[in-house]
Amino acid sequence: MTSSAPKSPPGHFSLLYFASASSFTGKDYESLSAPISIGKLFSELESRYPGMQAKILDSCLVTVNLDYVDIPTEGEEGLVIQEGDEVAIIPPVSSG
Amino acid sequence: MDKIEHLRKEIAQREAELADLRARLAAEEELRCTAGETQNGEEWKWPLDEHDYQRYSRQMIVPNFGLQGQLHVKQAKVLLVGAGGLGCPAAAYLAGAGVGTLGLVDGDAVEVSNLHRQVAHSTGRVGMMKVDSAVAYLKGLNPTITYNAHATHLTPLNAEEIVSQYDLVLDCTDHPTSRYLISDICVLLSKPLISASAFQTSGQLIVLNNPPGKGPCYRCVFPKPPPPESVVGCGEGGIIGPVVGTMGVLQALEAIKLIVRGDHLKWSETNGQGEEVKQVGLLLFSAMGDVPFRTVRMRGKKKGCFACSGDGTALTLNELKTSMDYVQFCGVNQPVKLLQPEERISVAEYERISQQHKNHLLLDVREKEHFGVCNIKGSINVPISRFTAHRGQGSDLSDLIPGDVAPDAPIYIVCRVGNDSQIAAKKLKDLGVDRNGERFVGDIFGGLKAWKETIDPSLPFI
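Keep in mind that what you see is a predicted model, and the values were worked out from it rather than measured. (Residues numbered from 1 in each chain as written. Chains lettered and ligands numbered in written order. Predicted model: local features only at pLDDT ≥ 70, side-chain atom pairs only at ≥ 80, totals over all residues.)

Residues and elements named next belong to chain B. The biggest cluster of nonpolar side chains holds 114 residues, and the ones touching the most others in it are Val 78 and Ala 91. When sequence neighbours within four positions are dropped, the list of residues in contact with Val 78 reads Leu 94, Val 99, Leu 102, Tyr 166, Asp 167, Leu 168, Leu 170 and Ala 255. Grouped together as the second largest cluster of nonpolar side chains are 22 residues, Val 347, Val 414, Ala 424 and Phe 445 included. (Core = buried A, V, L, I, M, F, W, Y, C linked by C-beta atoms within 7 Å. Buried ≥ 20, exposed ≤ 12 C-beta atoms within 10 Å, placed from the backbone. Contact = placed C-beta atoms within 7 Å.)

A few words now on the environment of B:Val163. All names here are of chain B. Within the element layout of this structure, Val 163 appears in helix 6 (residues 159-163). A residue is classified by how many C-beta atoms lie within 10 Å of it, and Val 163, with 22 of them, is buried. Through-space distance from the C-alpha of Val 163 to that of Leu 80 is 9.7 Å; in sequence the pair is 83 residues apart. For Val 163, the residues in contact, after removing those within four places along its chain, are Leu 79, Val 169, Ile 185, Cys 186, Leu 189 and Lys 191. (Helix = DSSP H or I, 4+ residues; strand = E, 2+ residues; numbered from the N terminus.)

Right, let's get into the pairing of strand 1 (residues 12-17) of chain A. Residues and elements named next belong to chain A. Taking burial as the measure, the six residues of strand 1 include five buried ones, the bulk of the element. Across five bridges, the pairing between strand 1 and strand 2 (residues 29-33) is antiparallel. Across the sheet, Ser 14 pairs through a bridge with Ser 31, a residue of strand 2. Taken together, the four bridges between strand 1 and strand 7 (residues 86-90) define a ladder with parallel strand orientation. Within the sheet, the bridge partner assigned to Leu 15 lies in strand 7 and is Val 87. (Pairing = 2+ DSSP bridges.)

In this complex, chain A contributes 26 residues to the contact, which on the side of chain B involves 43 residues. Within the residue set of the side of chain A that touches chain B, elements represented by two or more residues are helix 1 (19-25), helix 3 (52-55), strand 4 (61-64), strand 5 (67-69) and strand 7 of chain A. Across the side of chain A that touches chain B, the residue classes tally to 12 nonpolar, 11 polar and three charged. (Nonpolar A, V, L, I, M, F, W, Y, C, P; charged D, E, K, R; others polar.)

Residue and element names in this part refer to chain B. Helix 10 (residues 241-261) packs onto helix 3 (residues 66-75) with a crossing angle of 110° between their chain directions and a minimal axis gap of 8 Å. Our classification of the angle between helix 3 and helix 10 gives roughly perpendicular. The two elements helix 3 and helix 10 meet at a crossing, and its hand is right-handed. Counting all contacts with helix 3, which are made through Gly 69, His 72 and Val 73, the residues of helix 10 involved are Ile 256, Ile 259 and Val 260. Residue composition of the contact of helix 3 with helix 10, by class: four nonpolar, two polar and no charged. (Axes fitted to C-alpha atoms, helices over the stretch in contact; angles between N-to-C directions. Parallel < 35°, antiparallel > 145°, perpendicular 65-115°, else oblique. Left-handed = near helix turned anticlockwise from the far one by under 90°.)

All names here are of chain B. Sequence positions flagged by UniProt for "binding site: Zn(2+)" (unreviewed entry) are, in local numbering, Cys 217, Cys 220, Cys 305 and Cys 308. Across 92 residues of sequence, these annotated residues stay compact in space, with a maximum C-alpha separation of 8.7 Å. By the secondary structure assignment, Cys 220 is in helix 8 (residues 218-221). The exposure class assigned to Cys 220 is buried, which follows from the 25 C-beta atoms found within 10 Å. Each residue touching Cys 220, except ones within four places of it in the same chain, is listed here: Lys 301, Lys 302, Cys 305 and Cys 308. For Cys 308, the position within the fold is in the loop between strand 8 (293-297) and helix 12 (317-323). Once you skip the residues sitting within four places of it in the chain, Cys 308 turns out to touch Val 187, Cys 217, Cys 220, Lys 301 and Ala 314. (UniProt positions renumbered as here; feature names shortened; annotations may be inferred.)

This is the structure:
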């Protein structure tokens, strides 16, 4: 997995996929349009990668610019991701 | 075969005894001149034993480590849960550093497939309990410290008895069930926890419950376990030795930092009062990445955490022992049941079909690395991820079904053990490939594993 994404183009933010998020999407990173709330981002990811909500997003942690952020409960929007932000989807790695 | 097995066991046994004797000899030799008196009869007046100054000199002269640091290390009792890819390197460095008491918990025996990464074991000790094999190795490395081998898996029933004997715990296990159990017992017994994990080319490391009662626990970081079908172990998904080795070495480093600072002592002296919580970071290791290491900043404890919230609703020791079912909490991986019996054929049946040379298609949906190791003659590799990522009806199917096959030719799907093959067959049917039953689309029951057991025992199945 390549954890350094190229700078996102204007109007976008970069999204990094770690561990099983990377294998599920088949990508290490991608750029998506900003601004967008965490809640909307999750719906967007579920429609791009059907099944991702249950398989990855429900049990992952999310950081924005290397800081942990709360995942909004159902019906809430949560923090709004801004242009140029770096967001990471970090599922737990359990094996060893 | 039995004779070979028997000889192997006998040799392993003798080698372990020899290793133990050598370790005892080395310890006796080292201790001979420092048993309370020096050679010229004077009483030994320095805080560490004479042999300690030789053995640990290189780390004691590092800035801020010093004599005090070594004394802390010597007094520390550290428990490693898991004597595998993480536990072996972690234990080696902690034993080398002179941790006074090292405990190892593991209920598994050494297998040949462990040896590429589990550096404390050896070919001669295959079949031996991992804890005994590791202790044999560690005694050769440092015979002057105390080792406790707990040849069992950690369970809700034995966790309190084992963990309470130590100051600090390293989670070197390989499954969500043990990760939640270890975190819970560390919270309940006020032990700091250094948790690491590794898979394929990735790793994670975090220091939890430090200081006890103040720092976040594993549940604060990952409140919900991943769905069981997405939990793939190193046996199936693979692991690069130095990746898990790196994480184990980093665990040992975090343990030494914590012990030298005396964090584990401060807590018992002050009962946690006035101790400040340091910024907790989760270290992510991506071995193949341009930025191999990055640290994300975690929040502190999660409000209302099931284990560590400290209010009346939090987990108690008694509840952990009597009513916690970690297997159920993490979910049991049910065998896939997507296809009806008439949609599945046996390996023997497929062998007959292949010998009749009738036009058909055999798709192997394992990942390409598995396919590259061994496959059934004539099969075509289309990894399962291509099926799950497929966008659905109306879109092009050529990435799932290679072009030059008659539209009525039956399609058989095979995978490792017969789960993914059902998912792939179901997907093709949902996409209308079976044309309402006109064309057979189904899977081979039991997968390559059954093929090896029934048809071709030479298959180097992984």
